[in-house]
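These are the residues of each chain, in order.
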Amino acid sequence: MDNRDAVSAFLRSRRDRISPEQAGLPVYGRRRVAGLRRGEVATLAGVSVEYYTRLERGSLRGVSDSVLDALAQALRLDETERMYLYDLARAAGPAPEARTRKRAARATVRPSVARIVEGMPGLPACVMNSRLDALTSNPLGRALYSEMYADPTCGGNVARFSFLTPAARRFYADWEHMARFAVGALRIEAGKNPYDRDLSNLIGELSTRSEAFRVMWGSQDVHVFRQTTKRFNHPVVGALELDQETLNLPDESGLSVLVYSAPPGSAAADGLKLLASWSATAGQEQAALPGDEPSPRQP
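If you're wondering where the values come from, they're calculated on a predicted model, not measured in any experiment.

Cut-offs applied
- Starting afresh in each chain, residues are numbered from 1 along the sequence in its written order.
- Selection of residues for local features in this predicted model requires a pLDDT of at least 70, selection of side-chain atom pairs for listing and counting requires 80 or more, and totals for whole chains, interfaces and linings are taken over all residues.
- Side-chain metrics in this entry use all non-hydrogen atoms of the structure; hydrogen atoms and water are not considered.
- Note on terminology: a nonpolar core comprises buried Ala, Val, Leu, Ile, Met, Phe, Trp, Tyr and Cys residues joined through side-chain atoms within 4.5 Å.
- Partly exposed residues are those whose accessible area sits between 20% and 50% of the maximum for their type, while under 20% is buried and over 50% is exposed, using a 1.4 Å probe and protein chains only.
- Strands are runs of DSSP state E lasting at least two residues, helices are runs of H or I lasting at least four, and both sets are numbered from the N terminus onward.
- In what follows, residue pairs with any heavy atoms lying within 4.5 Å of each other are defined as contacts.
- The convention used is that axes are lines fitted to C-alpha atoms, helices contributing only their stretch in contact, and that angles between N-to-C directions extend from 0 to 180 degrees.
- Roughly parallel here means an angle under 35 degrees, roughly antiparallel means over 145, roughly perpendicular means 65 to 115, and every remaining angle is called oblique.
- Amino acids outside the nonpolar list (Ala, Val, Leu, Ile, Met, Phe, Trp, Tyr, Cys, Pro) and the charged list (Asp, Glu, Lys, Arg) are all regarded as polar, and Gly is one of them.
- The quantity called pLDDT is the predictor's confidence in a given residue, expressed from 0 to 100.
- Two aromatic rings, drawn from Phe, Tyr or Trp (for Trp, its six-membered ring), form a pair once their centres lie within 6.5 Å of each other, and the interplanar angle then sorts them: stacked below 30 degrees, edge-to-face above 60, tilted otherwise.

1. Regarding the nonpolar core
(1) Moving on: Among the nonpolar cores identified, the biggest contains 45 residues, and Leu144, Tyr145, Phe163, Tyr172, Leu186, Phe232 and Leu242 are the most heavily contacted of them.
(2) Moving on: Looking at this core, the element that brings in the most residues is helix H13 (residues 175–192), giving 9 residues.
(3) Moving on: With residues near it in sequence (within four places) discarded, leucine 242 still touches Leu144, Thr228, Thr229, Lys230, Phe232, Tyr260, Ser261, Ala262, Ala268 and Leu272.
(4) Moving on: Ile18, Tyr52, Leu60 and Tyr86 belong to the second-largest nonpolar core, a separate cluster that totals 30 residues.

2. Some thoughts on the packing of helix H1 (residues 3–16) against helix H4 (residues 49–56)
(1) Moving on: Across the interface, H1 lies against H4 with an axial gap of 8 Å and an inter-helix angle of 120°. Classified by the angle their axes make, H1 and H4 are oblique. Residue-level contacts link Val7, Ser8, Leu11, Arg12 and Arg15 of H1 to Tyr52, Leu55 and Glu56 of H4.
(2) Moving on: Residues of the contact of H1 with H4, tallied by class, amount to 4 nonpolar, 1 polar and 3 charged.

3. Re the packing of helix H6 (residues 79–91) against H13
(1) Moving on: For the pair H6 and H13, interaxial distance at closest approach is 7 Å and the crossing angle is 30°. Considering their axes alone, H6 and H13 lie roughly parallel with respect to each other. Residue-level contacts link Thr80, Tyr84, Asp87, Leu88 and Ala91 of H6 to Arg187, Ile188, Gly191 and Lys192 of H13.

4. Examining the confidence of the model for the protein
One rule of thumb: low pLDDT means the predicted coordinates there are not for detailed reading.
(1) Moving on: On average, residues of the protein carry a pLDDT of 88, and 88% of them reach 70 or more.
(2) Moving on: Low confidence marks residues 96–104, where pLDDT is under 50. Its contacts with residues over four positions away, or in another chain, come to 12 contacts.

5. Notes on the packing of aromatic side chains
(1) Moving on: If you walk through the whole model with that rule in mind, you get 15 aromatic pairs.
(2) Moving on: Ring geometry for phenylalanine 171 versus tyrosine 172: centroids 5.0 Å apart, planes at 65°, classification edge-to-face. When sorted by exposure, phenylalanine 171 lands in the same class as tyrosine 172, which is buried.
(3) Moving on: With a centroid separation of 6.1 Å and 45° between ring planes, the pair formed by tyrosine 172 and phenylalanine 232 is classed as tilted. Placement of the pair is tyrosine 172 in the loop between helix H12 (168–171) and H13 and phenylalanine 232 in strand E3 (residues 228–234), with a sequence separation of 60 residues. An identical accessibility class is assigned to tyrosine 172 and phenylalanine 232; each is buried.

6. A word on the environment of tryptophan 278
(1) Moving on: Along the polypeptide, tryptophan 278 turns up in helix H16 (residues 267–287).
(2) Moving on: For tryptophan 278 and valine 236, which are 42 residues apart along the polypeptide, the C-alpha to C-alpha distance reads 8.1 Å.
(3) Moving on: With residues up to four places along the chain from it excluded, the contact list for tryptophan 278 reads Ala143, Ser146, His234 and Val236.

7. Structural notes on the environment of valine 127
(1) Moving on: Among the secondary structure elements, valine 127 is positioned in strand E1 (residues 125–128).
(2) Moving on: Assessed through its relative accessible area of 0%, valine 127 is described here as buried.
(3) Moving on: A C-alpha to C-alpha distance of 9.9 Å links valine 127 and threonine 108, two positions 19 residues apart in sequence.
(4) Moving on: Setting aside chain neighbours within four positions, we find valine 127 in contact with Val109, Val113, Val117, Asp133, Ala134, Leu135, Thr136, Leu255, Ser256 and Val257.

Written out as structure tokens, the structure is:
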């Protein structure tokens, strides 16, 4: 990841989306740009044009919090975008040599967390890292995302599934919303960890193989996991509208526990029961495939 390029592209994209009228600035004559000029952003942020020009060329190293706050206000950044700008500024600082050479440490799922996920048999649940890899899922979680796990090219990654598996466009009833969320989540992670080689490889792969990803990546939008409702079209049980809760683990791993649920007595709750039944049946059939060794009898 080239942090300077990321900084430059983000600041330009935020500047381009704000009109002078929105910023409360007078408009004189014909304008070549739809958004704000660099000088106008500089005026709003209380810095010189030369200084802002240097910032927009990607140089955030050593920028003070007060300047970042002024930029965020001038560009009307929301809380997520403001956090992303701060992440970019932190990443622009000097990086240890070892950090630039090594892959980011792979976070592992603690056994206690895995037990919690497995201990919710009636709710689809998984542990996901910030690159959107599903590191472990309970049986109902695997059943819900059966098409992702059935495609070996996904590697259990939600972003790959969303953009590279044709079935995903049917599986997600709001595919575009989900796709933009995945892109924004990856962009936030890229801002925090520009030296994560696995992440840069994933983004490069998706940019090469998916035109939709390339277009959405170019929008510079950022998103975070929040409470939400998702609508699925499961190939076996049909339509499911589930509430998603994302619980961030209180450590430095960057892992989150995702849990899906439905209100009692709802059609989605009935759908989860049907999904659990199908999952159990599919598991039994898999265990009974010809050529498998019979299970030893218990006394």
